[in-house]
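Residue strings, one per chain:
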Amino acid sequence: MKYLLTLIICSGVSGDCQPVKGYPIIKDDYPTCILDGMIESHKFVTRAFTYDQIEKFKVIPKYTCTPYTTT
């Protein structure tokens, strides 16, 4: 079974969450999805925000891996 990896960025200050553009993407299996989710969320946060922005907005990266089946 394949999985859809979705990245979401939230603000701990406002409570607002937004999906990251370019996601979801298909992953071949669950372990790959969750491990890639951790790595890709880290990469996104470090590219999209400065250290000060992360602190100011209390940036919270999240990701989900949901089953994906083709018909």
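Worth saying up front: this structure is predicted, and the values here are computed from it rather than measured.

Caption draft 1: Spotlight on the pairing of strand β1 (residues 2-11). For β1, the tally of buried residues reaches 8 of 10 residues, placing the bulk of the element in the interior. For β1 and strand β2 (residues 17-19), the ladder comprises 3 bridges, and the chain directions are antiparallel. Within β2, the position partnered with isoleucine 9 by the bridge is glutamine 18. Following β1, the chain reverses through 5 residues before pairing antiparallel with β2; glycine 15 in that reversal takes a positive phi of roughly 80 degrees.

Caption draft 2: Inspection of a nonpolar patch on the surface at higher detail. Residues Leu35, Met38 and Ile39 make up a contiguous nonpolar surface patch of about 280 Å² in total accessible area. By secondary structure assignment, the location of isoleucine 39 is in helix α1 (residues 30-48). Judged by its relative accessible area of 45%, isoleucine 39 falls in the partly exposed class.

Caption draft 3: Expanded view of the pattern of salt bridges. Summed over the entire model, instances satisfying the criterion amount to 4 salt bridges. Residue lysine 2 is joined to aspartate 28 by a salt bridge in which the shortest nitrogen-to-oxygen separation is 2.8 Å. One end of the pair, lysine 2, is in strand β1; the other, aspartate 28, is in the loop between β3 (25-27) and α1, with 26 residues separating them in the sequence. In this structure, the salt-bridge partner of lysine 58 is glutamate 55, at a minimum N-O distance of 2.7 Å. Of the residues examined, lysine 58 reaches a relative accessible area of 39% and is grouped as partly exposed. Classification of glutamate 55 by relative accessible area gives partly exposed; the value is 48%. One network of salt bridges, in which partners are shared, links Lys27, Asp36 and Glu40.

Basis of the calculations
Residues numbered from 1 in each chain as written. Predicted model: local features only at pLDDT ≥ 70, side-chain atom pairs only at ≥ 80, totals over all residues. Heavy atoms only, no water. Buried < 20%, exposed > 50% of the residue type's maximum accessible area, 1.4 Å probe, protein only. Helix = DSSP H or I, 4+ residues; strand = E, 2+ residues; numbered from the N terminus. Pairing = 2+ DSSP bridges. Patch = residues over 30% accessible without salt bridge, like charges linked within 9 Å, V, L, I, M, F, W, Y side chains within 5 Å. Areas by Shrake-Rupley, 256 points an atom, 1.4 Å probe, with all protein chains shown as cover. Salt bridge = Lys/Arg side-chain N within 4 Å of Asp/Glu carboxyl O.

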